[in-house]
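# Structural overview
Take a look at the letters that make up each chain.
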Amino acid sequence: MLSAFHPKLLRANFASLPPPDPTSFQDRTYIVTGANTGLGLATAKNLVALSARRVILAVRSQARGDAAVHLIEQETGRQGVAEVWLLDFASFESVTAFAQRVDLEFQGERLDGVVCNASVAMETWETVKGVEMDVMVNVLGTFLLSLLVLPRLRSSARTTGQEAYLSIVTSGAGFFEKGTLEQIKEKGVLDLVEELSREGAEMGYCITKLMQIYAVRELAALLPDDESGVVIDMVSPGLVYTDLDRHGSLATKLSLKVMRAFMGRTADVACRTVLHGVSAGREAHGKYLSECLIKEDFVPEWVKDEKGREMQRWVWGCIVRHLEAVEPGCLGKALGR
Ligand SMILES: NC(=O)c1ccc[n+]([C@@H]2O[C@H](COP(=O)([O-])OP(=O)(O)OC[C@H]3O[C@@H](n4cnc5c(N)ncnc54)[C@H](OP(=O)(O)O)[C@@H]3O)[C@@H](O)[C@H]2O)c1
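The residue numbers shown here count from 1 along each chain, following its written sequence. For a predicted model such as this one, the threshold for reporting local features is a pLDDT of at least 70, and the threshold for listing and counting side-chain atom pairs is 80 or more; totals across whole chains, interfaces and linings nevertheless cover every residue. Values reported for side chains reflect all heavy atoms of the structure, with hydrogen atoms and water molecules removed beforehand.

The protein chain is annotated in an unreviewed UniProt entry as NAD(P)-binding protein from Lophiostoma macrostomum CBS 122681.

Quick look at the pairing of strand β1 (residues 29-33) now. A 1.4 Å probe rolled over the protein chains alone gives each residue an accessible area, and that area as a share of the maximum for its type sets the label: buried under 20%, exposed over 50%, partly exposed in between. Each helix is a run of H or I in the DSSP string that is no shorter than four residues. Each strand is a run of E no shorter than two, and both are numbered from the N terminus. Where burial is concerned, most of β1 is hidden: 5 out of the 5 residues are buried. The alternating pattern of β1 places Thr29, Ile31 and Thr33 and Tyr30 and Val32 on opposite faces, both of which are buried. Whether a crossover is right-handed comes down to one check: with the strands pointing away from the viewer, does the path from the first strand over the helix to the second run clockwise; if it does, it is right-handed. In this region the chain leaves β1, passes through helix α2 (residues 38-49) and returns to the parallel neighbour strand β2 (residues 54-59); the handedness of that crossover is right-handed. If DSSP finds at least two bridges between two strands, the strands pair. Relative to strand β4 (residues 113-116), β1 runs parallel, the two being bridged by 3 bridges. When the sheet's bridge partners are listed, Val32 is paired in β4 with Val115.

Attention shifts here to the site of the ligand. Taken together, 29 residues lie near the ligand, and Asn36, Arg60, Tyr205, Thr242 and Arg246 sit nearest. Gly34 places a main-chain nitrogen or oxygen 3.2 Å from an oxygen atom of the ligand. As used in this structure description, the phrase polar contact means that two N or O atoms lie within 3.5 Å; if the pair is within protein, one of them must be able to donate a hydrogen and the other to accept it, and residues adjacent in sequence are counted only when both atoms belong to side chains. Between Leu244 and the ligand, the recorded distance is 3.5 Å, taken from a backbone N or O atom to an oxygen atom. When the free accessible area of the ligand is taken as 890 Å², the share hidden by the protein chains comes to 97%. Listed by contribution, the elements that provide at least two residues to the shell around the ligand are α2 and α8 (205-222). For this scheme, ten residues count as nonpolar: Ala, Val, Leu, Ile, Met, Phe, Trp, Tyr, Cys and Pro. Four count as charged, namely Asp, Glu, Lys and Arg, and the remainder, Gly too, count as polar. Grouping the amino acids of the shell around the ligand by side-chain chemistry returns 13 nonpolar, 10 polar and 6 charged. The near set for a molecule or strand comprises every residue that places at least one heavy atom within 4 Å of it. Only the protein chains shown count as cover for residues, and the accessible areas themselves come from Shrake-Rupley with a 1.4 Å probe.

This part takes up the pattern of salt bridges. One side-chain nitrogen of Lys or Arg within 4 Å of one carboxyl oxygen of Asp or Glu is enough to make a salt bridge. Under the counting rule described, the total for this entry stands at 22 salt bridges. Between Asp225 and Arg282 there is a salt bridge whose closest N-O contact spans 3.7 Å. Of the two residues, Asp225 sits in helix α9 (residues 225-228) while Arg282 sits in the loop between α11 (267-277) and β9 (288-290), which places them 57 residues apart along the sequence. Salt-bridge contacts for Arg313 lead to Glu306; the nearest nitrogen and oxygen are separated by 3.4 Å. Through salt bridges that share partners, Arg54, Glu83, Arg101 and Glu105 make up one connected network.

A few words on the state of the cysteines. Every disulfide links exactly two cysteines, by a covalent bond between their sulfur atoms. The disulfide definition used here is simple: a pair of cysteine sulfur atoms within 2.5 Å. Counted by the stated rule, this structure contains 0 disulfides. With no disulfide of its own, Cys206 has Cys116 as its nearest cysteine by sulfur position, at a separation of 19 Å. Take Cys292: it sits in no disulfide, and the sulfur closest to it among the cysteines is that of Cys271, at 9.1 Å. Cys292 sits in the buried class, given a relative accessible area of 12%.

Before going further, it helps to spend a moment on the pairing of β2. Across the 6 residues of β2, 6 count as buried, placing the element largely inside the fold. Inspection of the sheet shows β2 paired to strand β3 (residues 82-86) by 5 bridges, in the parallel sense. Each bridged residue has a counterpart across the sheet, and for Ala58 the counterpart in β3 is Trp85. You can see the chain leave β2, run along helix α3 (residues 62-76) and come back into β3, and the turn it takes is right-handed.

With that out of the way, let us pick up the sheet that holds β3. Two modes of strand pairing occur in sheets, parallel and antiparallel, and in both the strands are linked by backbone hydrogen bonds. Pairing within the open sheet is mixed, and its 8 strands lie in the order β3-β2-β1-β4-β7-β8-β9-β10. Where the open sheet ends on each side, the last strands, each with one partner, are β3 and β10 (293-294). In the packing of α3 onto the sheet, contacts are made with β2 and β3, and the angle to β3 comes to roughly 170 degrees. We call two residues in contact when some of their heavy atoms are within 4.5 Å. Interaxial angle, 0 to 180 degrees, is taken between N-to-C directions of lines fitted to C-alpha atoms, where a helix line uses only the stretch in contact. Sheet strands in contact with helix α4 (residues 92-105) are β1, β2 and β3, and its direction is about 135 degrees off that of β3.

The structure is reproduced here in structure tokens:
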């Protein structure tokens, strides 16, 4: 088991992060989810500062989005680049409406990168439409959006001749969950989403981060970048000073406070890892990125070996079954088949 104090993870938090290449983002267009605060806001602000043409802040509150745009404009001196589009991952209708807007507004327009950054870390039991909230936001909402924007990312890459990016902000905390999914699968569970949404089930942010890691690896394997022009990757930003623990218990908040004081990064520095995720080049496809580097060696063997690949296909199958029920044919359209 890889714990929070594993030397690799500890060292990763102390690595200094190189500033982004200013030419990589010039005149490009990006969507950043959860961009009203924390890492998403820092990423959107830096994209604007790095001369992006258009940065869409995909957020669930107009007022929080407007405040973020105001701050970005003040701090970068660039007006009219950042804009707010509403998106709530706790609602499939909101995700599909957002994706329809992307489809319409980006017809014939470049879309260089979608950063799926928004996540929640719940410690109290909450469900939406029968799905546990972390699973809904971090997994189903995130991958429904991912599948629905892939056709536009593919067409952008085709038109511009430059790779487009789908980058998922995940966490090495997923690797703390060795054994959890195995135990569930070995019980003969058919539907992981339903199982994790059963009251009293094992719950948690870290499980959803492991599900994201498996899902990115499988989706990238299904859609090779040389076929689509889209680099699908995942980024671990390290421990960051944000409000991610807002739903946490006092004990969680206190322990994170201590850990952040010891090895936390500011969002402004940590977002360099996210910017790397949307500029890392073809070799990043399907890979785990950390410290602005491809860090496949951080992915444990139990994820990469044959049993891990079998788990990956199972997790992905469980996710896709739910997404196809919401939007029939979404996987085929995403893959262009
Ligand atoms: N902070 C860390 O130490 C750390 C470490 C590893 C990985 N990460 C990852 O970094 C990413 C960003 O997290 P953060 O630390 O910046 O946390 P944060 O400050 O809590 O930001 C989370 C963002 O997600 C949005 N969000 C939550 N539920 C949503 C929903 N239903 N629909 C749409 N947006 C929703 C939030 O919007 P509202 O403000 O409206 O709630 C907020 O904009 C996450 O994927 C997280 O897993 C963070």
